[in-house]
Amino acid sequence: MELLSGADMLIRSLKDEGIEYIYGYPGGAALHIYDALFRQDEVKHILVRHEQAAVHMADGYARATGKPGTVLVTSGPGATNTITGIATAFMDSIPMVVLCGQVASTLIGEDAFQETDMMGVSRPVVKHNFSVRHPEEIPEIIRKAYYIAATGRPGPVVVDIPKDMTTPNERYEYSYPKKVKLRSYNPAIRGHAGQIKKAVDMLLAAKRPIIYAGGGVVLGKASDQLTELVRMLGYPITNTLMGIGCYPASDKQHLGWLGMHGTYEANMAMHHSDLILCVGARFDDRVTNATEKFCPGARIIHVDIDPASISKTIDADVPIVGPVDAVLKEMLSLVKESKEKPDADAIASWWKQIDEWRAFHGMRYETSPDVIKPQEVIEMLCRLTNGEAFVTSDVGQHQMFAAQYYKFDKPNRWINSGGLGTMGFGLPAAMGIKLTHPDDEVLCITGEGSIQMNIQELSTCKQYNLPVKIINLNNQALGMVKQWQDMNYESRHSQSYMESLPDFIKLAEAYGHVGVRIDKKEDLETKLKEVLAMKDKLVFVDIYVDRFEHVYPMQVARGAMKDMWLSKTERV
Amino acid sequence: MRRIISVLLENEPGALSRVVGLFSQRNYNIESLTVAPTEDETLSRLTVTTTGSDKVIEQITKQLNKLIEVVKLVDLTEGAHIERELMLVKLKATGSQRAEIKRTVDIFRGQIVDVTSSVYTVQLAGDSEKLDGFIQAIGTSGVLEVVRTGVSGIARGEKVLSL
Ligand SMILES: Cc1ncc(C[n+]2csc(CCOP(=O)(O)OP(=O)(O)O)c2C)c(N)n1
Ligand SMILES: [Mg+2]
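Calculation criteria
- Residues numbered from 1 in each chain as written.
- Chains lettered and ligands numbered in written order.
- Predicted model: local features only at pLDDT ≥ 70, side-chain atom pairs only at ≥ 80, totals over all residues.
- Heavy atoms only, no water.
- Buried < 20%, exposed > 50% of the residue type's maximum accessible area, 1.4 Å probe, protein only.
- Helix = DSSP H or I, 4+ residues; strand = E, 2+ residues; numbered from the N terminus.
- Pairing = 2+ DSSP bridges.
- UniProt positions renumbered as here; feature names shortened; annotations may be inferred.
- Right-handed = clockwise from strand over helix to strand, strands pointing away.
- Near = heavy atom within 4 Å.
- Polar contact = N/O pair within 3.5 Å; in protein donor to acceptor, adjacent residues only side chain to side chain.
- Nonpolar A, V, L, I, M, F, W, Y, C, P; charged D, E, K, R; others polar.
- Axes fitted to C-alpha atoms, helices over the stretch in contact; angles between N-to-C directions.
- Parallel < 35°, antiparallel > 145°, perpendicular 65-115°, else oblique.
- Left-handed = near helix turned anticlockwise from the far one by under 90°.
- Contact = heavy atoms within 4.5 Å.
- Donors = N, O, S within 2.8 Å, 3.2 Å for Na, K, Ca; no water.
- Tetrahedral: all angles 85-135°; square planar, octahedral: opposite > 155°, others 65-115°.
- Lys, Arg positive; Asp, Glu negative; His and termini not counted.
- Salt bridge = Lys/Arg side-chain N within 4 Å of Asp/Glu carboxyl O.

Student: Account for the pairing of strand 3 (residues 43-51) of chain B, with residues named and values stated.
Tutor: Residues and elements named next belong to chain B. When you tally the buried positions in strand 3, you get eight out of nine residues, the bulk of the element. Bridging between strand 1 (residues 2-10) and strand 3 involves nine bridges; their strand directions are antiparallel. Bridging across to strand 3, I4 finds its partner in T49. Note: strand 2 (residues 32-37) against strand 3, six bridges, orientation antiparallel. Each residue of the ladder has a partner; that of S32, found in strand 3, is T49. The hairpin formed by strand 2 and strand 3 contains five residues between the paired strands.

Quick look at the structure:
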């Protein structure tokens, strides 16, 4: 067997795990590891400009590919800078492994230079964390870390590595474990057959059914099974913000997404349904609105890999714990075999009702002859990229517009921080995707507030040639905050203006990129086409959009799902 | 409702902090918590008493089960079970009080385990209600110091919590 130092074992383990890229930033406690990285060329390291961005890069990569991302940082400030990124991944169940340097084990607890209790600090926002206590444990811990991160309900795993675990001249026998033994961690591999049968019987007997799908379908790679089942049943489907793309948005059975800024028809259909099949979603408060008023006539089937997600906020009538792909497959074969068929008359009149709701609102917005509306920018981008780009977003109005008006027919293409709502996510996430998808169009739809939270990464983009397109919907305000202040605080715009904005064009140029400003409606299409034609350039597109636009529909606070504002003046 | 949840936990550093962290992070109550190694040196056994609606208790058990280091758990209050807590109490004991205290200790089947001219130290085991009852019977004015271990419990009959 080979003898390797802890640091070399770590890098070798990454290679044996099949890791191609890691994103990180060096520092004292991680220097043995960085030296080991230097002495090989299989695992490639991307040097970011802030550790938070390294985590979002790993996250973007993971969301686009379904494979865990990897981060490497030093102790103390390096480690604490990752926390927002880790929490972002945790809330959206994104698989990743974050390797953190730590002061030598002999110094832990002494307030040593750059010592932070990363095990303690990260604990509430990780699926699990490990601290290395002996160099020989490294291969096994790495194997376990990836296994835990990627299986069951995925999530981030932190590995804390004291500096003396990676000392160069102390060598140990290296072998990478083939199997993981964890007696206390056994995610379900199939759903309960009896429950699935019961669910299918209920589905076939329903008069006003709706399928409500979430990010779990994307994470569980179950889009095909879901699409087949929904088409076979002929029922309406809506999905969450995280589930976008799990069912083709252009299909007529798709009602758009639901919840706070969901479509009128999706929220109405949910409220009036008699049966909800929830797959891989978690009845989040941004979906349900007031739980006590939630869908009063509906019985609920809830499929999820995580038992703790079931009956957490809304009680399930039929809980099914299992991987969504396996459960949907079983449902499909039961539906095919069943002598019962959906009640054609009931379903037809249900669709008639839904189509009336659709016709009533759709996703209309008011256009203007001279002001650029953010919605039309997104619609145009969708058209110009054939709806096939990877679209990352930051957080705010631009995020909602992007999700509403870009029509995704495929999963893993809409990349946003839904659970934590992290401004600053969009650019690094786009970089993580572009790095491994150089031939695909990657758009980062952002706002002038959010983009400034990780703007330093323009430098990383230069270093590694990452020609993403940054679409800055510049409304010169923290628009979403301002919208809430308009609606709930009589337009007292407390701290929601972005004063003294930089000249983004010069800024992009200073970093060695191209900047394009669009402030005339008649230029929008030609300029966007020009931007998209610059395949090998990062282009920062600063688009001056309507400063007064609000996102609608918007659910009325503490109301039922059906209670919505449809514009500044219409409330239903 | 009050529940007693018994947990087999990997005997690893940090495992206990995950359990405690979970309770505070998710706003669950802890009335008492005990933890000690078991006959299997790789496992600790933890007993937590908590209160909450059925829905909250269901969430607590599910969230505990999600912790990687939780191997197995049982809600003892779902079936017949035995619960015990140990209490040591220092009582003011002078003059005629001494005989009175002795009598009460006997009624509660406790033991006086340390004596000075003015203080008795009493040891008492039982369920939490019995320990509360003893303090009530003595009257808080005579109590100098109380230390309780918190509840540990085990199911009655053949049922065992093991791997
Ligand atoms: C890190 C972080 N801080 C604060 C917030 C609260 N917040 C949500 S949306 C928003 C405004 C975002 O402004 P901008 O990026 O310009 O987007 P817009 O809403 O104008 O489209 C703020 C401050 C957040 N989501 N994330
Ligand atoms: Mg803005």
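Student: Please provide a residue-by-residue account of the UniProt feature "domain: Thiamine pyrophosphate enzyme TPP-binding" (unreviewed entry) in chain A, values included.
Tutor: Under the feature "domain: Thiamine pyrophosphate enzyme TPP-binding" (unreviewed entry), the UniProt entry names residues 394-543 of chain A. As annotated, residues 394-543 of chain A has a helix share of 36% and a strand share of 15%, and its two end C-alpha atoms lie 16 Å apart.

Student: Describe in detail the pairing of strand 15 (residues 390-393) of chain A, supporting the description with residues and values.
Tutor: Residues and elements named next belong to chain A. Side chains F390 and T392 project from strand 15 onto one buried face, and the interleaved V391 and S393 project onto a second face that is buried too. Across two bridges, the pairing between strand 15 and strand 16 (residues 414-415) is parallel. Pairing of T392 across the sheet is with I415, part of strand 16. The parallel pair strand 15 and strand 16, bridged by helix 16 (residues 397-405), forms a crossover whose chirality is right-handed.

Student: Outline the site of ligand 1, listing residues and values.
Tutor: Residue and element names in this part refer to chain A. Surveying the vicinity of ligand 1 reveals 17 residues, the closest of which are Q397, G421, E448, S450 and G479. Within the contact set of ligand 1, a nitrogen atom lies 2.8 Å away from a backbone nitrogen or oxygen of G421. If you list the elements that add at least two residues to the shell around ligand 1, you get helix 16 and helix 19 (479-488). Top element by residues in the shell around ligand 1 is helix 19. It accounts for three residues. Grouping the amino acids of the shell around ligand 1 by side-chain chemistry returns seven nonpolar, nine polar and one charged.

Student: Talk me through helix 5 (residues 83-91) of chain A; I want residue IDs and the actual numbers.
Tutor: Side chains three or four residues apart in an α-helix point the same way, a direct result of the helix having 3.6 residues per turn. Every buried residue of helix 5 of chain A is listed here: I83(A), G85(A), I86(A), A87(A), T88(A) and A89(A). Looking one or two residues beyond helix 5 of chain A, the residue adopting positive phi is S93(A), at roughly 55°.

Student: Explain the sheet that holds strand 4 (residues 69-73) of chain A residue by residue, including any values.
Tutor: All names here are of chain A. Reading across from one edge, 3-2-4-5-7-6 is the order of the six strands in this open sheet, with parallel pairing throughout. Each edge of the open sheet is held by one strand with a lone partner, namely strand 3 (44-47) and strand 6 (128-131). Adjacent strand axes in the sheet meet at a mean angle of 25°, parallel and antiparallel pairs treated alike. In terms of strand pairing, strand 6 meets strand 7 (residues 156-162) through four bridges, oriented parallel. Bridged to S131 within strand 7 is D160.

Student: Which residues make up the packing of helix 8 (residues 193-205) of chain A against helix 13 (residues 324-337) of chain A, and what values go with them?
Tutor: Residue and element names in this part refer to chain A. For the pair helix 8 and helix 13, the least separation of the axes is 10 Å and the interaxial angle reads 55°. Judged by the angle between their axes, helix 8 and helix 13 are oblique. Judged by the sense of rotation from one axis to the other, the crossing of helix 8 with helix 13 is right-handed. Two secondary-structure elements touch here, helix 8 through I196, K197, A199, V200 and L204 and helix 13 through V327, E330, M331, L334 and V335.

Student: Mind laying out the coordination of the magnesium ion (ligand 2), listing which residues take part and the relevant values?
Tutor: Residues and elements named next belong to chain A. For the magnesium ion (ligand 2), the full set of protein donor atoms is E448 (OE), E448 (OE), N475 (OD1) and A477 (O), at a range of 2.1 to 2.6 Å. Each of the six donor atoms bound to the magnesium ion (ligand 2) contributes to angles spanning 51 to 178°, and the resulting shape is irregular. Within one chain, the residues donating to the magnesium ion (ligand 2) are spaced in sequence as E-x26-N-x1-A. With relative accessibility at 10%, the residue N475 sits in the buried group.

Student: Describe unusual backbone geometry, with residues and values.
Tutor: The residue after Y552(A), namely P553(A), is reached through a cis peptide bond having omega -5°. Mapped onto the secondary structure, P553(A) falls in the loop between strand 20 (539-544) and strand 21 (554-555). Backbone geometry at N386(A) places phi at a positive 55°, although glycine is not the residue there. Here N386(A) shows up in the loop between helix 15 (374-384) and strand 15. The exposure class assigned to N386(A) is exposed, which follows from its relative accessible area of 61%. For N27(B), which is not glycine, the phi torsion reads 65° and is therefore positive.

Student: Outline the side chain of R143(A), supporting the account with residue identities and numerical values.
Tutor: All names here are of chain A. Summarising the element assignment, R143 is placed in helix 7 (residues 138-150). No salt bridge is formed by the buried R143; the nearest opposite charge belongs to E17, separated by 4.0 Å. The contacts of R143, once residues within four sequence positions are left out, are E17, Y176, P177, K178 and V180.

Student: Account for the sheet that holds strand 11 (residues 254-257) of chain A, naming residues and giving values.
Tutor: Residue and element names in this part refer to chain A. Overall, parallel pairing links the six strands, which are arranged 11-10-9-12-13-14 in an open sheet. The open sheet has two free edges, formed respectively by strand 11 and strand 14 (318-321), since each of these has just one partner strand. Between one strand and the next, the sheet's axes are offset by a mean angle of 15°, whatever the strand orientation. Most of the contacts of helix 10 (residues 223-233) go to strand 9 (residues 209-213), to which it runs at about 170°, and overall it touches strand 9, strand 10 (237-239) and strand 12 (275-279).

Student: Explain the UniProt feature "domain: Thiamine pyrophosphate enzyme N-terminal TPP-binding" (unreviewed entry) in chain A to me, and be specific about the residues and the numbers.
Tutor: The positions UniProt marks with the feature "domain: Thiamine pyrophosphate enzyme N-terminal TPP-binding" (unreviewed entry) are residues 5-119 of chain A. Annotated as residues 5-119 of chain A, this span is 43% helix and 18% strand, and its ends, taken at the C-alpha atoms, are 23 Å apart.

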